[in-house]
Every structure is written in structure tokens, then in C-alpha cells.
Amino acid sequence: MWQDDGLVTTATKMNESTSERTLHGARAKYAGGLHSVAADTWAWLQPNGDLGESNAGFVVNGEHALLVDTLWDLKLTHRMLEAAERAGIPRPETVFNSHSDGDHYWGNQLLADAQIISSTNAKKLMRLDPPAEMRRMRTTGRIGGAIGSLPLPVIGTLRVRGLPSIPLREMGRMMMPFDWRGIELTLPNRTFDGRMEIAVGDRTVELIEVGPAHTQGDSVAWTPDVSVCFAADVLFIGCTPIMWAGPVESWIRALDRILALNAQTYVPGHGPVCGRDEVQLLRRYFEWVKSDGVSQLKNGVPPVKAARNLLLSDQFASLPWAGWDDPSRLLPILCTEQYVRDGGQGHLRGLGRSRAITQMQRVRVDVERRHGGHA
Ligand SMILES: [Zn+2]
């Protein structure tokens, strides 16, 4: 799958053994940290690309540096900035936030004096997503983690009005690695629509809005001089994508746009650095979601049932994406697709989003039972 173009640290290959642990405590499938992906161009990787294990990047020229995305909390962002400083990367004077998910911008306050850029659409959504909400969820998660780790034959559940019961062990596991204390939302101070060129010393970086796909305002950073595309969450590699805006058709168009750049190297928002083949495979995944999943929705099958029909089938295990982490994310994809089909405006949020997440936890348990740890 992976093609070594000689530019990338070889340890970023998938499946290369490493003793490293991920933030969530799993065995790392590739090395994390700072990786040179081209001259003066770096990726910061957080294996394995699970929830909150997001990537970032640096584009450098002399004394100038651009940072593509900050991370989900201050500790993680601080760790990245320290490693960059040790590698001789100047302090970023510009930050580009690819989209509105906290794991790509909640570390902004550590670079509050920088020019911080995002698409107008992304900034609109950032205003709606206060870290206080996540701190509350983490408290729930902490309780959940404790209860969920008791040696009980069944997984505990939490009942919240208006939501399906939440499998607590799962909630706790998801939230524990992150610390949202002290975060003050630091929003972009410059926005763009469609396309924008920025200078990093003598280098030019193009910011290109390709959403809606994963979220409403998805944008990528394209560095043509070294043929590297920082694709953020338009690309999930080795882990199943999750979709909050869509529809699926629109994400396929976003992939076509980044494929048209013909980049030699793609840095995903989650997962290892990759080439065109992996982008093509993700495109095939969405074609499959469209032909086998969305078609069910069109026939009136609810998203949960449609997802179960696909994920719990015998055929699923033989598909190329069956080995990706967390196949149950197909459910939020289909929930979002249904939301858009029902005339929902743009982005699955609030109760709809919480419901999709909690239902996904249940489907995950069943998929693991049916196909083992990995499908
Ligand atoms: Zn992300």
C-alpha cells in the first residue's frame, strides 16, 4: 500500500513495528512525532489517528514558519511546539486551521500572537463548539471510565434524557487521554473563502477550501514547490473516516480536487503520511458507502439498520477497508447523509450528533463481537 518516495522517514510506514504507544494506549502502527516529508516541510503525527490523535504540519523558509493546525489540548500542542523548536523550526508566525474540530485548533492560544487563518465557514462553526462542553463530557467520561473498568460481565450504561444509553467504558476510553483545562478559545483572526495564497518567506502555500466534506469549512494546504498536500480531515488513512457535513457525494468531489493536485505526498488529518494510492482507496470507500449504504437510505432503511446490514455481513470482512480502525464510523456517515437528505442545513450537530456517536458505540461492540477486534 505505502510507497516510499525516499523523502519520508521510513518509520512512518504502516505496520512497521514500533514499541511506541498511542495516546489511547494501543500499540502504535507507525512512529509518531516530527517527520520530514520534503525539504523544509514537516508532518507532526499522532498514531494511530484514533479520536483526537490528529496530525499537524510545518512549512518553513529561513526564519519563517507556517503551522498547519494545532492539537486538541494545550499539553499536546506544547509538546509539538517544543519538538519543532528542538528541530530548529522557527516559531510559527502564521497558523492555518484546516477546519472546526477541536483536535485541529484548541491549541491556538499558545500562538495567539500569530496570524491565524481559516475558511469563513470553519470559523462560523468554531464559535459553536466551546471547550467547556467537552470538559463536562470528559467528567462524564471519567466516571464512565471508572465504572466501565469494573470486572462486570456487561458494559455499564449511562442514561441521558433524549439520548440512547451510552456504553460507559467506551466513553471513558475515548476522553481520558485529553486535558481541556485552561483552554481559551482562540479563533482565527483572518478568514478566506474558496482560495487564498500565503507567503512563508519566499515560499507560497495555497489554502484551498474543498468542503463541505468531513465538516462544513474543510480546507487543505498545498505546497506546490515540494508537492505536499496537507489534507487534514479530508483524509483519514488506516482509520475509517467520520462525516459531519457531507453529503458523501460532496466528500468524493473534495477527494477529486486533492487528487487533481497530483501531490507526491499527502499528509492526512488522521493516520500515516501517504501517496495517491491511499487517497484513491478512500475514494473507493465512499463510492461503496454511496452504492451500498446511501442506496438503503433511499429505500427507507434507517441509518442504524443500514450500517448494521453492511458491517455485520460476511462480505464486509473481505473489503479492503475492513481492516481500518473503527468501521462503526460508517454509522455517523449515514446519519449525516440522512440528515442532509431530510433537508438538514449543512452540519450534523447537537442532539443529532450525540445520538450518532452513542449509537456508534453500540454498533462498535457488535462489530467487534462479529468480526473480532478488527473486522
Ligand atoms: Zn480530526
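Rules used throughout
- Residues numbered from 1 in each chain as written.
- Predicted model: local features only at pLDDT ≥ 70, side-chain atom pairs only at ≥ 80, totals over all residues.
- Heavy atoms only, no water.
- Buried < 20%, exposed > 50% of the residue type's maximum accessible area, 1.4 Å probe, protein only.
- Helix = DSSP H or I, 4+ residues; strand = E, 2+ residues; numbered from the N terminus.
- Pairing = 2+ DSSP bridges.
- Right-handed = clockwise from strand over helix to strand, strands pointing away.
- Donors = N, O, S within 2.8 Å, 3.2 Å for Na, K, Ca; no water.
- Tetrahedral: all angles 85-135°; square planar, octahedral: opposite > 155°, others 65-115°.
- Phe/Tyr/Trp six-rings, centres within 6.5 Å; stacked < 30°, edge-to-face > 60°.
- Core = buried A, V, L, I, M, F, W, Y, C linked by side-chain atoms within 4.5 Å.
- Contact = heavy atoms within 4.5 Å.
- Axes fitted to C-alpha atoms, helices over the stretch in contact; angles between N-to-C directions.

Examining the pairing of strand β4 (residues 64-68)
Line of reasoning, step 1. For β4, the buried fraction is high: four of the five residues fall into the buried class.
Line of reasoning, step 2. When strand β3 (residues 56-61) meets β4, the two strands line up antiparallel, connected through five bridges. Each residue of the ladder has a partner; that of asparagine 61, found in β4, is histidine 64.
Line of reasoning, step 3. Once β3 ends, the chain turns through two residues before running back antiparallel as β4, passing glycine 62 with a positive phi of about 55°.
Line of reasoning, step 4. The pairing of β4 with strand β5 (residues 94-96) spans three bridges and is parallel. Within β5, the residue paired with leucine 67 across the bridge is valine 95.
Line of reasoning, step 5. Read as a crossover between parallel neighbours, the route from β4 over helix α1 (residues 74-86) to β5 is right-handed.

So, the coordination of the zinc ion
Line of reasoning, step 1. Note on the zinc ion: its protein donors are Asp103 (OD), His104 (NE2), Asp233 (OD) and His270 (NE2). The metal-donor distances range over 2.1 to 2.5 Å.
Line of reasoning, step 2. Because the angles between the four donor atoms bound to the zinc ion fall within 87 to 164°, the donor set is best described as irregular.

Regarding unusual backbone geometry
Line of reasoning, step 1. A cis amide bond, omega -5°, links proline 47 with the succeeding residue asparagine 48.
Line of reasoning, step 2. Its place among the elements puts asparagine 48 in the loop between β2 (41-45) and β3.
Line of reasoning, step 3. Of note, the amide linkage connecting glycine 246 to proline 247 takes the cis form, showing an omega dihedral of 0°.
Line of reasoning, step 4. Tracing the sequence through the fold places proline 247 in the loop between β13 (228-236) and α5 (248-260).
Line of reasoning, step 5. In the Ramachandran plot, asparagine 262 falls in the positive-phi region, its phi being about 55° despite a non-glycine side chain.
Line of reasoning, step 6. One can find asparagine 262 in the loop between α5 and β14 (265-270).
Line of reasoning, step 7. A positive phi is found at aspartate 326, a non-glycine position, where the angle reads about 55°.
Line of reasoning, step 8. Mapping aspartate 326 onto the fold places it in the loop between α7 (303-311) and α8 (330-341).
Line of reasoning, step 9. The buried category is assigned to aspartate 326, whose relative accessible area is 15%.

Re the packing of aromatic side chains
Line of reasoning, step 1. For the coordinates displayed, the defined rule picks out 14 aromatic pairs.
Line of reasoning, step 2. Taking 4.9 Å as the distance between ring centres and 65° as the angle between the ring planes, the aromatic pair formed by tryptophan 72 and tryptophan 180 counts as edge-to-face. A residue pair is termed long-range when its members are at least 10 positions apart, and tryptophan 72 in the loop between β4 and α1 and tryptophan 180 in the loop between α4 (168-175) and β9 (190-192) qualify at 108 residues. Per residue, the accessibility class of tryptophan 72 equals that of tryptophan 180, and both read buried.
Line of reasoning, step 3. Between the aromatic rings of tryptophan 288 and tryptophan 321, the centroid separation amounts to 5.5 Å while the plane-to-plane angle is 45°, which identifies the pairing as tilted. Here tryptophan 321 lies in the loop between α7 and α8 and tryptophan 288 lies in helix α6 (residues 276-298), a separation of 33 residues in the sequence.
Line of reasoning, step 4. Overall, the relative accessible area of 9% leaves tryptophan 288 in the buried class.
Line of reasoning, step 5. Taken together, the ring pairs connect Phe236, Trp251, Tyr285, Phe286, Trp288, Phe316, Trp321 and Trp324 into an aromatic cluster.

Quick notes on the nonpolar core
Line of reasoning, step 1. Ranked by internal contacts, the top residues of the largest apolar core, which has 53 residues, are Leu235, Ile258 and Tyr285.
Line of reasoning, step 2. Those elements giving two or more residues to this core turn out to be β12 (219-223), β13, α5, α6, α7, α8 and α9 (350-371).
Line of reasoning, step 3. Top element by residues in this core is α6. It accounts for nine residues.
Line of reasoning, step 4. With sequence-adjacent residues up to four places away left out, tyrosine 285 is seen in contact with Thr240, Pro241, Trp321, Trp324, Leu330 and Ile333.
Line of reasoning, step 5. Trp44, Leu67, Ala122 and Phe178 belong to the second largest nonpolar core, which has 27 residues in total.

Here's the deal with the sheet that holds β14
Line of reasoning, step 1. One open sheet holds the five strands; their spatial order is β10-β11-β12-β13-β14, and the pairing between them is mixed. At either end of the open sheet lies a strand with only one pairing partner, and these are β10 (195-200) and β14. The average angle at which neighbouring strand axes cross in this sheet is 25°, direction not considered.
Line of reasoning, step 2. Here strand β11 (residues 203-209) pairs with β12 via four bridges, running antiparallel. Note that in β12 the partner of leucine 207 across the bridge is alanine 221.
Line of reasoning, step 3. Against the sheet, α5 engages β10, β11, β12, β13 and β14, with an angle of about 165° to β13.

Let's talk about the side chain of aspartate 101
Line of reasoning, step 1. On the secondary structure map, aspartate 101 appears in the loop between β5 and β6 (115-119).
Line of reasoning, step 2. Aspartate 101 sits in the buried class, given a relative accessible area of 9%.
Line of reasoning, step 3. Apart from the residues lying within four places of it in its own chain, the contact partners of aspartate 101 are His214, Thr215, Asp233, Trp244 and Arg353.

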